Amino acid sequence: TDDPSAPWKDTAPSWDELKQTLAKTQTPEEKNWRQTALSGRGPTNQMTNLRLFDAPEGTEPLITLYRDTAGWCPYCMKVWMMLEEKQVPYRVEKVNMRCYGDKPAWFMKLNRSGGIPVAKVDGVVITESNDIMQAIEDLYPTQRPMLPKRSDPHSPRVKPLLQLERSLFSSWFGWLCTPSSFGDGSMIKFESLMTSVDMQLKEANSIAVANGHGEGRFFLGTNPSLVDCMFAPFLERIAASVPYYKGLPIRGNPKWPHVELWFVAMSKRDSWRGIESDYYTHAHDLPPQIGNCYSHPEAAEFQKSIDGQDGKSWALPLPAVDLSKGYQPLLKSDEEARREAAARLIDNGPGLARYCLRSIGTPGPRQGCKMADPGNSPDLRFQDQMDSALRHTCAALLQEGKVGDVSGNLPAVTVGGGLAYLRERISVPRDMSWPAARQLRAHLTAVARVV
């Protein structure tokens, strides 16, 4: 047990000093990201509540999207992605998922079932994601249309593709939530449907090329469509959960080359880059939403790597991501990612120490998600020491991973536990991007080891 009254020496830079150091290395876009986001402009951003795109100042959006705070809900994601692709003005109201506690009373008045997403589209409340998407398309039919005209060669493919998406979802969901073994009938059925998806993407490219385009890597050819928005949330979750629980890589798998080309094409879109989660977040956000997910022994290597239990994936120096094994590509440089992670630490500042000290505080009511414990009362006797360790972590991020000496005599058990508590609860995209989360997890590990 650590003694909060034990003498120690704080040698970490102050939050103000860290902010000044960060500012010297940031790009203009990074310095102004919050102001840009609050104005409704700029690239897709999880944290904004208003999106105006190129609409004039003072525009009052006709759409309000009610989605989950954490960015976990796949049905919210497909509506969110469609709005970002169409670039029509909208507002965002965020609501917790049930696994984080009861829904607020104001939201239950809006939708008695408590389900999300919900949207107000031109004054009409709509509570089903597919209906929301159709209403948005009907309201803005000429603004970046998301469905092809009847004369388009892709038009007859829309309905079969949407049916395939539901079949793939059903197969994945059933396999994930049922005890199984590697290579059994459930796996064979899933792989067969993935092959069907791959063949459809191959056909989309062939049609695009036949009609004079260089390539067409989306489901309906050269541009993202409503079909891509429907597939995106579940293909992203499949790519994360199937290696983690079943030991079968999706990304980079030579069985499905056109699926990988679809992921690559999507990763070039602002809508994807701003909404993308990471394998760790999805591996742990799915059970609170859908129940127990059953593992194969063949998944052990993936689980250790994704959870940072292999001794290297959450440690410095960070290894290169092995794309050949199906791991998630990085869409930012290490330098950008470290700056982003440092900025998020600085944004939260001293308040973050209180959060970390929930790890040793008085337990509160438990939520459906085992990592959700907002009712815990933090042990504030160690607040200054915890804050010092966080400032050392931020300094290391700004020094290219050089941890150096840390404040003397920090309480090792408490501080190490608090840093681990934070590391395991970094959620993508709620808190930061996947590359930034990767850097922060590794730097928290490094500081905890020195402490």
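Residues numbered from 1 in each chain as written. Predicted model: local features only at pLDDT ≥ 70, side-chain atom pairs only at ≥ 80, totals over all residues. Heavy atoms only, no water.

Engineer: Report on the overall build of the protein, specifying residues and quantitative values.
Structural biologist: Per the secondary structure count, the protein includes 18 helices and 5 strands. Scaling as 2.2 N^0.38, a compact globule of 451 residues should have a C-alpha radius of gyration of about 22 Å, and the protein matches this with 23 Å. Summarising its shape, the C-alpha atoms of the protein cover approximately 75 × 55 × 45 Å along the three principal directions. Across the 451 residues of the protein, 53% fall into the buried class. Partitioning the contacts of the protein with sequence separation of at least 6, the portion at a separation of at least 24 is 73%. Surface accessibility of the protein: about 19,900 Å² in total, with carbon and sulfur atoms responsible for 51%. (Helix = DSSP H or I, 4+ residues; strand = E, 2+ residues; numbered from the N terminus. Rg over C-alpha atoms; globule rule 2.2 N^0.38 Å. Buried < 20%, exposed > 50% of the residue type's maximum accessible area, 1.4 Å probe, protein only. Contact = heavy atoms within 4.5 Å. Areas by Shrake-Rupley, 256 points an atom, 1.4 Å probe, with all protein chains shown as cover.)

Engineer: An account of the pattern of salt bridges is requested, with residue identities and associated values reported.
Structural biologist: Taken as a whole and judged by the stated rule, the model has 24 salt bridges. Residues Arg-391 and Asp-10 are paired through a salt bridge, measuring 2.7 Å at the closest nitrogen-oxygen approach. With Arg-391 in helix 16 (residues 383-398) and Asp-10 in the segment before helix 1 (15-25), this residue pair connects regions lying 381 residues apart in the sequence. Residue Arg-391 is classed as buried on the basis of its relative accessible area, which comes to 7%. Residue Asp-10 is classed as partly exposed on the basis of its relative accessible area, which comes to 36%. We note a salt bridge from Glu-301 to Lys-325, for which the minimum N-O separation is 3.4 Å. Of the two residues, Glu-301 is situated in helix 13 (residues 300-306) and Lys-325 in the loop between helix 13 and helix 14 (334-348); the sequence distance between them amounts to 24 residues. Connected via shared salt-bridge partners are Asp-10, Asp-387 and Arg-391. (Salt bridge = Lys/Arg side-chain N within 4 Å of Asp/Glu carboxyl O.)

Engineer: Can you lay out the pairing of strand 3 (residues 90-95) for me, pointing to particular residues and giving the numbers?
Structural biologist: When a strand is regular, its side chains alternate between the sheet's two faces. By the bridge criterion, 2 bridges tie strand 1 (residues 50-51) to strand 3 in an arrangement that is antiparallel. Across the sheet, the residue bridging to Leu-50 is Arg-91, located in strand 3. Of the pairings in the sheet, the one linking strand 2 (residues 63-68) to strand 3 comprises 5 bridges and is parallel in character. Opposite Leu-65, over in strand 3, you have Val-92 as the bridge partner. Read from strand 2 through helix 4 (residues 74-86) to strand 3, the crossover connection turns out right-handed. (Pairing = 2+ DSSP bridges. Right-handed = clockwise from strand over helix to strand, strands pointing away.)

Engineer: Provide a residue-level description of helix 16, including the pertinent values.
Structural biologist: Here helix 16 spans 23 Å end to end across 16 residues, near enough to the 22 Å set by a 1.5 Å rise per residue. In terms of residue burial, helix 16 counts as a mostly covered element, since 14 of its 16 residues are buried. Just past helix 16, the residue Glu-400 takes up positive phi, approximately 55 degrees. (Expected span 1.5 Å × (residues − 1).)

Engineer: Kindly report on the side chain of Ser-388, identifying the contributing residues and their values.
Structural biologist: If you trace the backbone, Ser-388 turns up in helix 16. For Ser-388, the contacting residues outside a window of four places in its chain are Trp-8, Asp-10, Ala-12, Ser-407 and Leu-410.

Engineer: Please provide a residue-by-residue account of the packing of aromatic side chains, values included.
Structural biologist: Scanning the entire structure with this criterion turns up 19 aromatic pairs. Measuring from centroid to centroid gives 6.3 Å for Tyr-66 and Phe-107, while their planes differ by 50 degrees, and the two rings are tilted. Highlighted residues: Tyr-66 in strand 2 and Phe-107 in helix 5 (residues 105-110), separated in sequence by 41 residues. Of the two residues, Tyr-66 and Phe-107, both sit in the buried class. Ring pairing ties together the aromatic residues Tyr-75, Phe-169, Trp-172, Phe-173 and Phe-234, which thus form one cluster. Arg-166 extends its terminal NZ or CZ atom over the ring of Phe-169, reaching a point 4.4 Å from the ring centre. (Phe/Tyr/Trp six-rings, centres within 6.5 Å; stacked < 30°, edge-to-face > 60°. Lys NZ or Arg CZ within 6 Å of the ring centre and 35° of its normal.)

Engineer: I'd like to hear about the nonpolar core, residue by residue, with values.
Structural biologist: Counting residues in hydrophobic clusters, the biggest one holds 71 residues, and the most contacted among them are Ile-136, Leu-168, Trp-172, Phe-190, Phe-219 and Trp-262. Sorting elements by how many residues they give to this core places helix 9 (residues 226-246) first, with 14 residues. Look past the residues within four positions of Trp-172 in its chain and what remains in contact with it is Phe-190, Phe-234, Arg-237, Ile-238, Ser-241, Val-242 and Leu-286. Of all hydrophobic cores here, the second largest spans 37 residues; its members include Leu-22, Ile-346, Phe-382 and Met-432. (Core = buried A, V, L, I, M, F, W, Y, C linked by side-chain atoms within 4.5 Å.)

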